[in-house]
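# Results of the structural survey
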Amino acid sequence: MTNPIIDQLTQHRSIRNFQNKPLTNEQVAVLVDAAQHASTSTFSQQYSIISVTDPEILKEIGRISGHHWLMNAGHYFVMVADQHRNLRIAKAHDSDPFILHSMDKFLASVFDTAIATENIMVAAESMGLGGTIMGSILNDSQKMIELLNLPELTFPLLGIALGYPADEPELKPRLPKEAVHFRNQYGSDENFDQQLASYDALVAAYYKHRSSNDRTETFSHHIVSELAAGHGRRAELVDVIRKQGFMLH
Ligand SMILES: Cc1cc2nc3c(=O)[nH]c(=O)nc-3n(C[C@H](O)[C@H](O)[C@H](O)COP(=O)(O)O)c2cc1C
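- An unreviewed UniProt entry lists the protein under the name FMN reductase (NADPH), from Lentilactobacillus parabuchneri.
- The record in UniProt for the protein states the following under Sequence similarities (unreviewed entry): "Belongs to the flavin oxidoreductase frp family."

What follows is the structure, encoded as C-alpha cells:
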C-alpha cells in the first residue's frame with residue numbers, strides 16, 4: 001500500500017549541493033504555512049522561524065556549522081525554540097510565568113520546533129526542492145543567539161538549508177524495521193545483535209558503492225566514531241540554554 005506522500009517520505013535524502021537559484025517569497029511563505037499547520041504541544045506554538053538572507057550572517061553560520069556550502073542554498077531558515085511570545089502573554093495578564101522556565105516547557109518547545117522543521121522539509125521536497133537540517137548551528141549556540149538577536153526564552157535549535165538539488169545522492173539505508181519497531185515491549189538485545197550484523201554489512205556496501213565520498217564504514221563504526229568525536233563537544237550547551245531562561249526547574 002502506498003500513495004504519493006508515502007513515496008516521497010521514503011525517498012528522502014539530505015541535499016547539500018544546490019543549483020544557484022533562490023526560493024521565491026511565495027515558496028517561502030508556503031513553507032512557513034506548512035510549518036505552522038504542524039501539530040503543536042498544548043496548542044502553544046512554541047517556536048519561531050527566522051529566514052536568514054543577510055550574506056554576512058549566513059557566512060557566520062557557515063563558519064559555526066562548518067557547512068560553508070549553505071551559502072549556495074536557495075534559502076536558509078533557523079528554527080528557534082520559543083517561549084518568549086508566551087512570556088509576553090503571561091506578563092500582559094499578570095500571570096505567573098514560572099512554568100515557562102521548566103524542563104517540561106523546554107521539551108515542549110523542542111518538540112514543536114523539531115516537528116515544524118520536518119514539515120518544512122517534507123513540504124519543500126513536495127515542491128521539487130531538497131535540503132539538509134542542521135544541528136551543527138549548536139557548535140556555537142551563544143554566537144547564534146547574538147547573530148539573530150534572540151531574546152529571553154528563545155533558543156536556536158536547528159538550521160535548514162533548502163534549494164534546488166544539484167545532485168541526487170543514493171538513499172541511505174535505515175535500520176531493519178524489526179530493530180526499531182516493537183510490539184508491546186522493548187525488543188531483545190540478542191535479536192538486535194543479529195539484525196545489526198546484517199545492517200552493518202548493508203551500510204558498509206552503501207558507503208563503498210556511493211558515488212561521492214566513498215569510504216569503509218559500518219553503522220557500528222559510525223556510532224563509535226560519533227561518540228569519540230562528541231567528547232567535550234558543546235559542553236557549554238546546558239549553561240547557554242539556562243542563560244536563555246530555559247530548564248531552570
Ligand atoms: C536533528 C538533525 C540534525 C542534523 N544536523 C546535520 C548537520 O549539522 N549537518 C549535516 O550535514 N546533516 C545534518 N543532519 C542530516 C543527517 O545527517 C541525515 O538526515 C542523516 O545522515 C540521514 O541521511 P539522509 O537525510 O540523506 O537520509 C541532521 C539531521 C537531523 C534530523
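## Some thoughts on the site of the ligand
- The environment of the ligand is made up of 13 residues, and the closest members are His12, Ser14, His67, Ser136 and Lys172.
- Within the side chain of His67, a nitrogen or oxygen atom sits 2.7 Å from a nitrogen atom of the ligand.
- Ile133 places a main-chain nitrogen or oxygen 3.1 Å from a nitrogen atom of the ligand.
- Burial of the ligand by the surrounding chains reaches 65%, relative to a free accessible area of 620 Å².
- Considering each element in turn, the shell around the ligand owes the most residues, three residues, to strand β3 (residues 130-134).
- When grouped by side-chain class, the residues that make up the shell around the ligand number three nonpolar, six polar and four charged.

## Thoughts on the UniProt feature "domain: Nitroreductase" (unreviewed entry) in the protein
- With numbering matched to this structure, UniProt assigns "domain: Nitroreductase" (unreviewed entry) to residues 10-164.
- The span residues 10-164 shows a helical share of 41% and a strand share of 18%, and its end C-alpha atoms are spaced 19 Å apart.

## Considerations on the domain arrangement of the protein
- Segmentation of the protein into domains returns domain 1 (4-169) and domain 2 (171-249).
- A C-alpha centroid distance of 22 Å is found between domain 1 and domain 2.
- The interface of domain 1 with domain 2 comprises 27 residues on the first partner and 14 residues on the second.
- Of the roughly 1700 Å² buried between domain 1 and domain 2, counting both surfaces, carbon and sulfur atoms make up 59%.
- Secondary structure elements with two or more residues in the side of domain 1 that touches domain 2: α5 (103-126), α6 (141-147) and β4 (154-163).
- Along the lines of polarity and charge, the residues of the side of domain 1 that touches domain 2 split into twelve nonpolar, 13 polar and two charged.

## Re the packing of aromatic side chains
- By the definition in use, this model includes five aromatic pairs.
- Plain terms: the ring middles of Tyr199 and Phe219 are 5.2 Å apart, the flat faces sit at 65° to each other, and that makes the pair edge-to-face. Separated by 20 residues along the polypeptide, Tyr199 in helix α8 (residues 189-209) and Phe219 in helix α9 (residues 219-230) bring together distant segments of the chain.
- Since its relative accessible area comes to 5%, Tyr199 is described here as buried.
- The exposure class assigned to Phe219 is partly exposed, which follows from its relative accessible area of 22%.
- One Lys or Arg, Lys21, reaches over the ring of Tyr164 and ends 4.2 Å from the middle of that ring.

## Structural notes on the sheet that holds β3
- Within the open sheet, the four strands sit side by side as β1-β2-β4-β3. Their pairing is antiparallel. Here the strands that pair on one side only, and so sit at the sheet edges, are β1 (47-51) and β3. For this sheet, the mean angle separating the axes of adjacent strands, direction not counted, is 25°.
- Docked against the sheet, helix α2 (residues 25-36) engages β1, β2 (75-82) and β4, running at close to 170° with respect to β1.

Rules of the game
- Residues numbered from 1 in each chain as written.
- Predicted model: local features only at pLDDT ≥ 70, side-chain atom pairs only at ≥ 80, totals over all residues.
- Heavy atoms only, no water.
- UniProt positions renumbered as here; feature names shortened; annotations may be inferred.
- Near = heavy atom within 4 Å.
- Polar contact = N/O pair within 3.5 Å; in protein donor to acceptor, adjacent residues only side chain to side chain.
- Areas by Shrake-Rupley, 256 points an atom, 1.4 Å probe, with all protein chains shown as cover.
- Helix = DSSP H or I, 4+ residues; strand = E, 2+ residues; numbered from the N terminus.
- Nonpolar A, V, L, I, M, F, W, Y, C, P; charged D, E, K, R; others polar.
- Domains from an automatic or database assignment.
- Contact = heavy atoms within 4.5 Å.
- Buried area = accessible area lost by both parts, 1.4 Å probe.
- Phe/Tyr/Trp six-rings, centres within 6.5 Å; stacked < 30°, edge-to-face > 60°.
- Buried < 20%, exposed > 50% of the residue type's maximum accessible area, 1.4 Å probe, protein only.
- Lys NZ or Arg CZ within 6 Å of the ring centre and 35° of its normal.
- Pairing = 2+ DSSP bridges.
- Axes fitted to C-alpha atoms, helices over the stretch in contact; angles between N-to-C directions.

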